[in-house]
Structures are given as structure tokens and as C-alpha cells.
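Examining the three-dimensional arrangement
Here is what each chain is made of, one letter per residue.
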Amino acid sequence: MTNLNEQYEEKVRPCIDLIDSLRSLGVEKDLALPAIAVIGDQSSGKSSVLEALSGVALPRGSGIVTRCPLELKMKRKNDGEGWQGKISYQDHEEEIQDPADVEKKIEEAQIQIAGVGVGISENMISLEIASPDVPDLTLIDLPGITRVAVHGQPVNIGEQIKKLIHKFITKQETICLVVHACNVDLATTEALQMAQEEDPEGERTLGILTKPDLVDKGTEQMVIDILQNEVIHLKKGYMIVRCRGQQEIMQKVSLAEAIEREKAFFADHAHFCSLYDDGQATVPRLAEKLTLELVHHIEKSLPRLEEQIEEKLEQAQAELVRYGTGPPSDAAERLYFLIDKVTAFTQDTISLAAGEELRCGEKLNIFSALRREFDKWSIHLSHTGQKFNARIDKEVAIYEDKYRGRELPGFINYKTFEVMVKEQIKQLEEPAVKKLRDIAGKDRNHKTRKRVHCRVHAENPVQDGNDCLLPGQNLQQQFE
Ligand code: GDP
Ligand code: MG
């Protein structure tokens, strides 16, 4: 057993396959697939741990190396299929042909996103790798926590990084690996505290100690105490791993070789051999433990998925009931069935035309609403009528004064009267069109798809955009 992949295939694969088959049955809401994120101080060995787990070379080194979150999405391909890589960030997307180029491409991406130097960015680099040798899993490499800004970094770099880390570890489907170097005092780690804030129950936090080869001589027992969960208690406990040091990287020691060296290191170690015997040390053991955690995570999520399926089933059944029974198989009965359906449909159409089913929720029946509008219109009309009468009286007075001959009092020349009436009607034109729009709007507000036939008697030509209503014509407006 070398990396996570082999473990994964054996134990996690059946769970993933189960989820895939559920999806193919149409379970729409996906069960979020697990991700593993590493958090910890700068240079504690986060990238090294992810690299050892995944078998994919990532940039590592001293100082700030990981400057953007890196999401490594691994997809398993069938045996015999080739390796495929793709890196994407911001607007850039690029295929990677050779696994050996991954590291270089990530570095280029970091320069593009966060500039040359020591700046960080919360913009993510997404690296997709498809190969027969990787599990279906997402790993997230994050910048390490720093406290003091070095030259060229913003003063609040520490805060920026912590905010970024919180954003990732707050997700329930993410397992947090808190990485800590053996040669640093555990009490100084902020990462642990952050993980505890996001995961107070400790359901998805695992402590990882790194660099056991660099432990300060004489402090080995303290490391053992941590591993035995006696210093800062973690529900899921701690593991210890040894990854490639800088020198080994430069000597191009392969990952497989590194695993061998790691095993020998722990097995022969005067103090840590007990940890090895207890299964708390080495990358393969860590892979094993993570696999169990992943299976546990999926199993825990299954009841939720089951609930979703039940819910969907209930909805579908209720819908089925609403549709009623289908047509009978007997030809004669089928005719009656059809007649029944047609009758019911006709009845519905008649009720709709009569506006009987237009009450929706709390809203007024459309007729009540329209009556109110027409009442207002009627008040408006009688008001303008009074003004019209007053105008006529005035005009009559002027007429009588100036032109009255033998006519009886109170009568004016027909032509003058006609002009006045036309003017009056013209004044009504605009409010009438507005009212018509209001009423149409009311109907739309009822958000009913039912059709209303509304007769509007127009006494006067009304010009409204493209619509032209002629006097006496019935406007049959179908409102949708
Ligand atoms: P990160 O900043 O947390 O991602 O840390 P890196 O993975 O980049 O590692 C920082 C440095 O520590 C690199 O030079 C690694 O080679 C080195 N390193 C990581 N793990 C170990 C280890 O177990 N032993 C030794 N000696 N060096 C290690
Ligand atoms: Mg790193």
C-alpha cells in the first residue's frame, strides 16, 4: 500500500459507486463528495503531505510556497487509459500533457494570480487530474498561517490567510488535516484552534505531525504524548508522517522511494517505533485512516440522501394521484371515459368564462377588483359631467348675451354644442386609456392563467399604440 488511491479503491469506491448509481436513477441533489484540506503553519509540510497522499507532485519548499488555494480534483479513469491534466484559474485554462509539468504550471499560475514574490491571493487554482492511479477525491492545499508579514507582503497577511482558511474548512464535507511540524511547539499552533472553531465536535479534524526526523533531541517523549492525545485532545487523534526533506527533493528521491525510507525511519527509530507498531505512523497508515474517515463521511450522509429520495417519492406519488386513473382497456368504456373528460373540461371552461374560479388566495375576486375600478371611473365621469354642465351654463350665458335671436332661452346653436361635446370627450380620452391599462394590469396581477372576457364599450375612438377602438365596437380583450 503506498498512497490513498489503493486504499480508496478497496473501501471508498463501493460507496462512490453507490452514489453514482443513485444519481443515474435521477436523484438530483448530489451528495457532496468529500474533500480533504490541509491547514497549518507555513512550511509545516502541508503540500508534502498532500503530495505523498495523492502521488501528484506539488510545489513545496521553504518560505511561502503555496500562495493561492489549490484545489486538486482527482478523477479516476479506467485501467489502461492515459493520464490527463488540466489547470484552470481566472480566465485561463490549459491542458497539461506531462505529470512532470504539474509543479511548474502551478508556479506559473501563482505568479499570474498573486504576482511574483510573496503575495497571496484567495483566487483559486483548480487542477484536474484524471488517471487510473488516483481516487475520486478533492484535495485542497492552502497557504500556511504566518504571523509576521515579510517584506512585500501586506501587513494583514495573517488575517487574510486565516479568512481564506476558514472559508474552506467551514464546509461540512471537508475533512481537515491540521499539519504541524514536530520541531515546533504544538501550543503555538493556531490551525488547531481554527479547526476546532469550525468543527467543535471534532468529527472531521485530524492532527498530522510532520518532520519527525528534525525533532529536537530530547523532546521525543513530548511528540509521543501528543500522538497519544494527551496534550491537546482531538477526538479523531493524531498521526505522524515523514515526507521528503528539501535535500531529498533536490536529489530527486521518488515518492515510492520516500515511502520506503519513511517506513525504515519509523521502524528503526529508538522512540517512535512504538508509534509505528501502533499504526499511528507513515503515509500509508494515514491514507488508511483517511479512507475510513471518508467512508464514515459517506455513510453518515446516506441517511440524508435517503430522506431526499423519500421526499421525492412522496411528491411523485401525490402527483400521480392527482392525475387519476388512466383510460380503461375496454373500448366501449373508453368512450364513456372520454365523454366524462370532455364534459369535465367543458364545465371547467364555462366556470372560467363566468369568472367563478378566479379567486386566488387572499386576493380579491377579479370582478370585485374590477368593480372598484369602475366605481372610481364612474365618480370621475360624474365629476367631469358637473364641470361640463357648468361650462355649458357659461357658454349659454355668453351665447345669449352675444347672439341670441328668436330662440328660446337655454338653447344654443347645435354646432357650438357639438364642438363642446367633442372637446369634453377628448379630455376623457387619456384617463380612459389609463383606466383600461390599470384594469388589464389588475388582471395580470391576479396571476391567473384563466381567461377573462371583458367587454368595454367605447363611445369614442381611442388610440392606444397599435390598438384602435372604434365607436360602439365591443372590445373583447383576452387577458392572460
Ligand atoms: P507547507 O508550506 O506547509 O506546504 O510545507 P511544504 O510541504 O512546502 O514543506 C516545507 C519544507 O519542509 C519543504 O522543504 C519540505 O521538503 C520539508 N519537509 C516536509 N516534510 C518533511 C519531513 O517530514 N521531513 C523533513 N526533513 N522535511 C520535510
Ligand atoms: Mg504548501
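Each value, and the rule that gives it
- Residues numbered from 1 in each chain as written.
- Chains lettered and ligands numbered in written order.
- Predicted model: local features only at pLDDT ≥ 70, side-chain atom pairs only at ≥ 80, totals over all residues.
- Heavy atoms only, no water.
- Helix = DSSP H or I, 4+ residues; strand = E, 2+ residues; numbered from the N terminus.
- Buried < 20%, exposed > 50% of the residue type's maximum accessible area, 1.4 Å probe, protein only.
- Contact = heavy atoms within 4.5 Å.
- Areas by Shrake-Rupley, 256 points an atom, 1.4 Å probe, with all protein chains shown as cover.
- Core = buried A, V, L, I, M, F, W, Y, C linked by side-chain atoms within 4.5 Å.
- Near = heavy atom within 4 Å.
- Polar contact = N/O pair within 3.5 Å; in protein donor to acceptor, adjacent residues only side chain to side chain.
- Nonpolar A, V, L, I, M, F, W, Y, C, P; charged D, E, K, R; others polar.
- Salt bridge = Lys/Arg side-chain N within 4 Å of Asp/Glu carboxyl O.
- Axes fitted to C-alpha atoms, helices over the stretch in contact; angles between N-to-C directions.
- Parallel < 35°, antiparallel > 145°, perpendicular 65-115°, else oblique.
- Left-handed = near helix turned anticlockwise from the far one by under 90°.
- Donors = N, O, S within 2.8 Å, 3.2 Å for Na, K, Ca; no water.
- 1 Å grid on protein atoms, 1.4 Å probe; cavity = no way out; pocket = protein on both sides within 12 Å on 5 of 7 lines; lining within 4 Å.
- Points joined across faces, edges and corners; volume = space filled by probe spheres on them.

Regarding the overall build of the protein
Counting its secondary structure elements, the protein contains 13 helices and 13 strands. Expressed as a percentage of its 480 residues, the buried residues of the protein come to 41%. Excluding contacts between residues fewer than 6 apart, the proportion of contacts in the protein whose partners are at least 24 apart in sequence is 72%. With the model as given, the accessible surface of the protein reaches about 27900 Å², and the carbon-plus-sulfur share is 52%.

Notes on the nonpolar core
Within the largest apolar cluster, 47 residues are counted, with the highest numbers of intra-cluster contacts made by Ile125, Leu127, Leu177, Ile208, Leu286 and Leu290. If one sorts the elements of this core by residue count, helix α10 (residues 283–323) sits on top with seven residues. For isoleucine 208, the residues in contact, after removing those within four places along its chain, are Val49, Leu177, Val178, Val179, His180, Met239, Val241 and Leu286. Of all hydrophobic cores here, the second largest spans 36 residues; its members include Ile39, Ile145, Leu192 and Phe265.

Quick word on the site of ligand 1
Not every one of the 20 residues close to ligand 1 is listed here, only the nearest: Lys46, Ser48, Asp213, Cys243 and Gln246. Within the backbone of glycine 45, one N or O atom sits 2.9 Å away from an oxygen atom of ligand 1. A distance of 2.6 Å is found between an oxygen atom of ligand 1 and a side-chain nitrogen or oxygen belonging to lysine 46. Only α2 (46–54) and α7 (246–250) provide two or more residues apiece to the shell around ligand 1. In terms of residues, the shell around ligand 1 owes the most to one element, α2, which gives three residues. Residues belonging to the shell around ligand 1 are distributed by class as follows: four nonpolar, nine polar and seven charged.

Here we look at the pattern of salt bridges
Summed over the entire model, instances satisfying the criterion amount to 21 salt bridges. Measuring nitrogen to oxygen at the nearest pair gives 2.5 Å for the salt bridge that ties glutamate 190 to lysine 162. Placement of glutamate 190 in helix α5 (residues 190–198) and of lysine 162 in helix α4 (residues 157–169) is noted, with a sequence separation of 28 residues between them. The buried category is assigned to lysine 162, whose relative accessible area is 19%. Note that glutamate 373 is salt-bridged to lysine 435, the shortest N-O span being 2.8 Å.

What to know about the packing of α4 against α5
The interhelical angle for the contact between α4 and α5, taken along N-to-C directions, is 40 degrees, at an axis separation of 10 Å. The angle between α4 and α5 falls in the class oblique. Both α4 and α5 take part in a crossing whose hand is right-handed. Mapping the contact onto sequence places Lys162, Ile165, His166 and Ile169 in α4 and Glu190, Met194, Ala195, Glu197 and Glu198 in α5.

Details of α5
For α5, the set of buried residues is Glu190, Ala191, Leu192, Met194, Ala195 and Glu198. Packing partners of the buried residues in α5 comprise β1 (35–40), α4, β7 (174–181), β8 (205–210) and β9 (238–240). Of the residues flanking the start of α5, the one acting as N-cap is threonine 189, its side-chain oxygen 3.2 Å from the backbone nitrogen of alanine 191.

Some points on the side chain of lysine 105
Tracing the sequence through the fold places lysine 105 in helix α3 (residues 102–114). The exposure class assigned to lysine 105 is buried, which follows from its relative accessible area of 14%. Excluding its chain neighbours within four sequence positions, the residues that come into contact with lysine 105 are Ile87, Glu94 and Ile96.

A short note on the coordination of the magnesium ion (ligand 2)
Within the protein, the magnesium ion (ligand 2) binds to Ser47 (OG) and Thr66 (OG1); these donor distances fall in the range 2.1 to 2.2 Å. A residue pair is termed long-range when its members are at least 10 positions apart, and serine 47 in helix α2 and threonine 66 in the loop between α2 and β2 (70–76) qualify at 19 residues. Residue classification places serine 47 among the buried residues on the basis of a relative accessible area of 8%. Overall, the relative accessible area of 12% leaves threonine 66 in the buried class.

Digging into unusual backbone geometry
Unusually for a residue other than glycine, glutamine 90 sits at a positive phi of about 45 degrees. Within the secondary structure, glutamine 90 is located in the loop between β3 (84–89) and β4 (92–96). Phi is positive for lysine 252, close to 60 degrees, though the residue is something other than glycine. Checked against the element boundaries, lysine 252 lands in the loop between α7 and α8 (255–268).

Quick word on empty space enclosed by the protein
One pass over the structure, following the stated rule, counts two cavities of 30 Å³ or more. Its volume calculated, the largest cavity comes out at about 70 Å³. What lines the largest cavity is Ser48, Glu51, Ala52, Arg242, Cys243, Arg244, Leu255, Ala258, Ile259, Glu262 and Val283. Every element with two or more residues in the lining of the largest cavity is listed here: α2 and α8. Here the element with the most residues in the lining of the largest cavity is α8; it accounts for four residues. When the residues that make up the lining of the largest cavity are grouped by side-chain class, the tally is six nonpolar, one polar and four charged. Approximately 40 Å³ is the volume found for the second largest cavity. Pro59, Thr66, Cys68, Leu70, Ile106, Gln110 and Asp141 together form the lining of the second largest cavity. Class assignment of the residues belonging to the lining of the second largest cavity gives a composition of four nonpolar, two polar and one charged.

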